[in-house]
Amino acid sequence: MPEAIAGNVSQFKLLDVLKLLTSEGQTGVLSLRKGNEKGEIYVDKGSLIHAISRAGMGAEAIFSIATWTAGNFNFNPNVTTKERTIDKDTNSLLNETIQYLHEWEQIKEVIPSQDLIFRLSSKRAPEEIRLQHEEWSVLSQIDGKKKVGDIADELKMGEHETARILYKLFSAGLIEVGTEPQLKTKKTVDAGFLAYLEGKLAAIIGPVASVIIEEEIKDMGEQRGAFPTGKVSLLVEKISSEITDDTQRIEFQKIALEAFRGV
Amino acid sequence: MSVDLTNLNNIEGVADSFIYSKMGMLLLPQLQYVDTRIMQLGRDMALSAALLEKIKQAVEFIELVYEDRRLIARITRDYFILVICDVAADVTLIRLTVNVINEAIKDNKDIQRLLKKSPEKKDLIAEAGGDAELKELFAKLKIVV
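Thresholds, definitions, all that
- Residues numbered from 1 in each chain as written.
- Chains lettered and ligands numbered in written order.
- Predicted model: local features only at pLDDT ≥ 70, side-chain atom pairs only at ≥ 80, totals over all residues.
- Contact = placed C-beta atoms within 7 Å.
- Helix = DSSP H or I, 4+ residues; strand = E, 2+ residues; numbered from the N terminus.
- Pairing = 2+ DSSP bridges.
- Buried ≥ 20, exposed ≤ 12 C-beta atoms within 10 Å, placed from the backbone.
- Axes fitted to C-alpha atoms, helices over the stretch in contact; angles between N-to-C directions.
- Parallel < 35°, antiparallel > 145°, perpendicular 65-115°, else oblique.
- Nonpolar A, V, L, I, M, F, W, Y, C, P; charged D, E, K, R; others polar.

*Asks:* Whenever I open this one, the interface of chain A and chain B confuses me. Can you help?
*Replies:* Interfaces are often described in size by the accessible area the parts lose on coming together. On the side of chain B, eight residues touch chain A, which itself brings eight residues to the contact. Every element with two or more residues in the side of chain A that touches chain B is listed here: helix 10 (232-240) and helix 11 (246-262) of chain A.

Structure (structure tokens):
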């Protein structure tokens, strides 16, 4: 095994990378970056011992990073930490991650975007409902106006945890998807603009550009054929983070912004 | 090549943009009058950058969120580009545009000339009049982590 490994999450699934590192009994840190988001997973002699991401620490961090469909990673061997946020057996945690990813796929079908708005269900409530403290906290935020992302921010709860609870409340029939007025009136960019961006990105990083753009658009809960103008800057920022050379990245951003101003 | 902040100022929600030395002295645009508010904004941002440098926290961008506006600054070694915008402005678009402008001006002769003329670097925090100015700064801010 090479001393350091690096790659792109769109090409190598994080779970496969973790399985490789743990089965090889490696020690070191796996650092990941997706746009402005960062994550670190520490492995000690093949055991997962510590993880941190925007979503939290330990298993929560692993679960959230495992859902990334874009971003870069690199593994630096022999880096250790005194932090211990994972006390579970590594194999159990990896199996739980597989289970979590399966659950996440279902959640994404209901909550494809952090911009989604829920309202309290207008249907008759089930006879008996038991809610955990955090479920109640999320339910109390549902007002037909707040977006999923707003609720996560308000409660200082990870996006994944918030989405998981919302999915549970949705499945229990307590909430329903509200109207999305913004979606009906949102301005979208011409498909030619995205094709232009893809061509420019491909000239720098190669044919993987198309995969990265597709994944990022999907990750943002949008479609290529109707991509909102208001999210172009975020898309440019995300896809340009795949360019490792600083000068090339800024040059790409410059070209993208010039094209955007002309849209 | 002259420094052009037009693309930045044309972004929806952007009220104005400036370039200051790290000491908070306005470099560009050069005004024919003294605007104490613009001076104070530069001072607030310079102090915030100095505080972060003091605790060895390397940052490229600082956002100061006030009740009615947002200040976004791209911090470099010798100067910072400050953008004043609405709280609802597209921050990502502003950051990208600032990055592109910074790349274009980092070796700009006008900027270098103005930096040479600006006062030497001082310890802004020590100069801040004890804790009073810092307390005043923090009272104005909503810090977003």
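On we go.
*Asks:* Would you mind going over the sheet that holds strand 4 (residues 47-53) of chain A with me for this structure?
*Replies:* Two orientations exist for strands paired in a sheet by backbone hydrogen bonds: parallel and antiparallel. Residue and element names in this part refer to chain A. A sheet is described by the order of its strands in space; here six strands give the open sequence 1-6-2-3-4-5, paired in antiparallel fashion. Edge positions in the open sheet fall to strand 1 (5-8) and strand 5 (56-57), since each of these has one partner strand only. Pairing between strand 1 and strand 6 (residues 72-77): four bridges, direction antiparallel. Within the sheet, the bridge partner assigned to A6 lies in strand 6 and is N74.

*Asks:* Just checking my understanding: could you explain the pairing of strand 4 of chain A for this structure?
*Replies:* Along any regular strand the residues' side chains alternate between the sheet's two faces. Residue and element names in this part refer to chain A. Counting buried positions along strand 4 gives six out of seven residues, so the element sits mostly inside the fold. Pairing of strand 3 (residues 37-44) with strand 4 involves six bridges; the strand directions are antiparallel. If you follow I41 over to strand 4, its bridge partner there is A51. In this antiparallel pair of consecutive strands, strand 3 and strand 4, the connection spans two residues, and K45 shows a positive phi of 45°.

*Asks:* Whenever I open this one, the packing of helix 1 (residues 14-23) of chain A against helix 3 (residues 90-110) of chain A confuses me. Can you help?
*Replies:* Packed helices, taken two at a time, are described by the angle their axes make and the gap between the axes. All names here are of chain A. Where helix 1 contacts helix 3, the two axes come as close as 11 Å, and the packing angle between them is 170°. Between helix 1 and helix 3, the crossing angle belongs to the class labelled roughly antiparallel. Residues L15, L18, K19 and T22 of helix 1 touch helix 3, and the partners they reach there are T90, L94, T97 and I98. Here the contact of helix 1 with helix 3 is composed, by residue class, of four nonpolar, three polar and one charged.

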